[in-house]
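Residue-level structure breakdown
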Amino acid sequence: MRTRVGIIGAGPAGLLLSHLLHLEGIDSVVLEIRSRAHIEARIRAGVLEHGTAELLRQCGLGERMDREGLLHHGTILRFGGRSRRIDFTELTGKSVMVYGQHEVVRDLVARRLADGGDIRFEVGDVSIHDVNTDAPSISYTEGGVARTLECDIIAGCDGFHGICRPSLPPGFIRDFDRIYPFGWLGILAEVSPSSEELVYARHARGFALLSMRSPTIGRFYLQCPPDDDAGTWSDDRIWSELHTRLADQEGFTLTEGPIIQKGVTAMRSYVAEPMQAGRLFLVGDAAHIVPPTGAKGMNMAVGDVAVLARALERQIRHNDSALLESYSQTCLRRVWNVQRFSWWMTSMLHNFDGANAFDEQVRLAELDYVTTSRAAAVTLAENYVGLPLAV
Ligand code: FAS
Ligand code: PHB
């Protein structure tokens, strides 16, 4: 089998790339190890940057997002019992869209299949070959039958635990890594959110986040040990901790509801440089991950896709390789800016074991400054709503 672009992974990166290429008349095949049902049910990111939402609208994928998504014009930072709002729209003229990643994936899969897109679910034994030649290929199994996909380009959209990045020769990739001494317990509950906007709370017992997926589904996070077992968190213990950490002295009340999902996610910052090798291009989590405090993971993947889709259009339609040759350099400038913001939000809002009283006071002072200085609030807001896409 042959195609122009072989895409490994049907997450937001792989699916959006396949869709954008289709709009330019460029064919691709997406190879995914999990089932369609699995990838469409996988609860992950919740916030779309302004630019991500705009891109989805421009490529014809905004209708359900605009109908069911929640447009947010600000967020609340809560510390020392006080709540202070960062007004995105007043400070930047932009907003964010609260619309689950799994919903974006559902929309992308439906559109690709409706457009005749070729997505192979539940494949196995995926390997890449000859990326440094003009005839790269991907071998895989489908229904137990060995197959080969010949292509001009391979897009490694297979996430942090995929096979593309590890397939590169030892020493080719320079790793930049920071592992945090805590994780997040993520909770999904059938409850109307107790706040119209997201609440980021810094508390002596640890960080907490009140988010949401819809007017009837709440999404919450609690800072916990990185290797914590979600099974040790009873519903009572979860709600008790959320009440404590989200409390303020201004009358906030938290509504409880049935918990329908809980899981622990480790926190890590990671960048692989470069993000390309011959005809292989690493995209999204395959190349970088961030702690979710800044709501950036999926949005970074979209940023990479925007650059790669344009570069491939120039190469394939106009035989102009300049953008493709500078893909990694172009993406990494935005990637490092987003890494910095995600690290900064995480450092400001979480408790670090071993931090002394001075460290704690500096963190509280930083929260006080960013919520009282317009100049400081603009820096948070413009990063949170999203830096300009690099295209
Ligand atoms: P993805 O990981 O989404 O997709 C990669 C795809 O490749 C998957 O479907 C996988 O099954 C497939 N794959 C893997 N190996 C393969 C192989 N060998 N062959 C074929 N297919 C293969 N971000 C936020 O902004 N906010 C959050 O709250 C948040 N929470 C998260 C919680 C968890 C548990 C995780 C793991 C990530 C979270 N993220 C969050 C980050 C997440 O949203 C990613 O940034 C986003 O999924 C990146 O999209 P992709 O790059 O497409 O990678
Ligand atoms: C979420 O709703 O999953 C979410 C929102 C904001 C974040 C992280 C996660 O910073």
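Look up a bit, the structure's there.
All of the points below concern the structure found in this document. Keep in mind it's a predicted model, so treat the numbers as computed, not measured.

Moving on: the sheet that holds strand β4 (residues 70-72). Strand pairing within a sheet occurs via backbone hydrogen bonds; the two strands may be parallel or antiparallel. Here we have three strands laid out as an open sheet, ordered β3-β7-β4, and antiparallel in their pairing. Of all the strands in the sheet, just β3 (47-48) and β4 have a single pairing partner and so form its edges. In the sheet, β4 pairs with strand β7 (residues 96-98) via three bridges, with the strands oriented antiparallel. Paired with Leu70 across the bridge in β7 is Val98.

So, on to the pairing of strand β14 (residues 208-214). Burial runs high along β14: seven of the seven residues are buried. Of the strand pairs in this sheet, strand β13 (residues 199-202) and β14 are connected by three bridges, and their pairing is antiparallel. Counted as the bridge partner of Val199 is Leu210 from β14. Where β13 folds back onto β14 in an antiparallel hairpin, the turn is made up of five residues, including Gly206, whose phi is positive at roughly 130°. As defined by bridge partners, β14 adjoins strand β15 (residues 217-224) across six bridges and the pair is classed as antiparallel. Bridge pairing in β15 links Ala208 to Leu222.

For the rest of this paragraph, the subject is unusual backbone geometry. Each neighbour pair has its own omega, and for Glu273 with Pro274 the value is -10°, a cis peptide bond. Residue placement: Pro274 occurs in the loop between β16 (259-273) and β17 (276-277). Even without a glycine there, the phi angle at Asp125 is positive, about 50°. Mapped onto the fold, Asp125 is located in strand β9 (residues 124-129). Its relative accessible area of 61% is what places Asp125 among the exposed residues.

With that settled, consider the site of ligand 1. Taken together, 31 residues lie around ligand 1, and Glu32, Arg42, Gln101, Asp285 and Gly297 are the ones closest in. Between an oxygen atom of ligand 1 and a main-chain N or O atom of Gly297, the distance comes to 3.2 Å. Expressed as a share of its isolated accessible area of 1000 Å², the protein-covered part of ligand 1 is 86%. With three residues, the single largest contributor to the shell around ligand 1 is helix α9 (residues 297-318). Of the residues that constitute the shell around ligand 1, the class distribution is 16 nonpolar, eight polar and seven charged.

Under the definition given, this model contains zero disulfides. Cys164 supplies the cysteine sulfur nearest to Cys151, a cysteine that is in no disulfide, at a spacing of 10 Å. The exposure class of Cys151 is buried, given its relative accessible area of 0%.

Taken together, 14 residues are adjacent to ligand 2, and Tyr200, Ser211, Arg213, Tyr221 and Pro292 come closest. The separation between an oxygen atom of ligand 2 and a polar main-chain atom of Pro292 is 2.9 Å. In this structure, an oxygen atom belonging to ligand 2 sits 3.4 Å away from a main-chain N or O atom of Ala295. Here ligand 2 loses 97% of its free accessible area of 280 Å² to cover by the protein chains.

To continue, consider the nonpolar core. Counting 76 residues, the largest nonpolar core has Val5, Leu16, Leu17, Ile138, Leu308 and Leu312 as the members making the most contacts within it. In terms of residue count, α9 provides more of this core than any other element does, 12 residues in total. Residues in contact with Leu17, not counting those within four places in the same chain, are Ile7, Ala155, Cys157, Val305, Leu308, Ala309 and Leu312. Formed by 54 residues, the second largest nonpolar core is a distinct cluster that contains Leu185, Ala189, Leu222 and Phe352.

Parameters at a glance
- Residues numbered from 1 in each chain as written.
- Chains lettered and ligands numbered in written order.
- Predicted model: local features only at pLDDT ≥ 70, side-chain atom pairs only at ≥ 80, totals over all residues.
- Heavy atoms only, no water.
- Pairing = 2+ DSSP bridges.
- Helix = DSSP H or I, 4+ residues; strand = E, 2+ residues; numbered from the N terminus.
- Buried < 20%, exposed > 50% of the residue type's maximum accessible area, 1.4 Å probe, protein only.
- Near = heavy atom within 4 Å.
- Polar contact = N/O pair within 3.5 Å; in protein donor to acceptor, adjacent residues only side chain to side chain.
- Areas by Shrake-Rupley, 256 points an atom, 1.4 Å probe, with all protein chains shown as cover.
- Nonpolar A, V, L, I, M, F, W, Y, C, P; charged D, E, K, R; others polar.
- Disulfide = S-S within 2.5 Å.
- Core = buried A, V, L, I, M, F, W, Y, C linked by side-chain atoms within 4.5 Å.
- Contact = heavy atoms within 4.5 Å.

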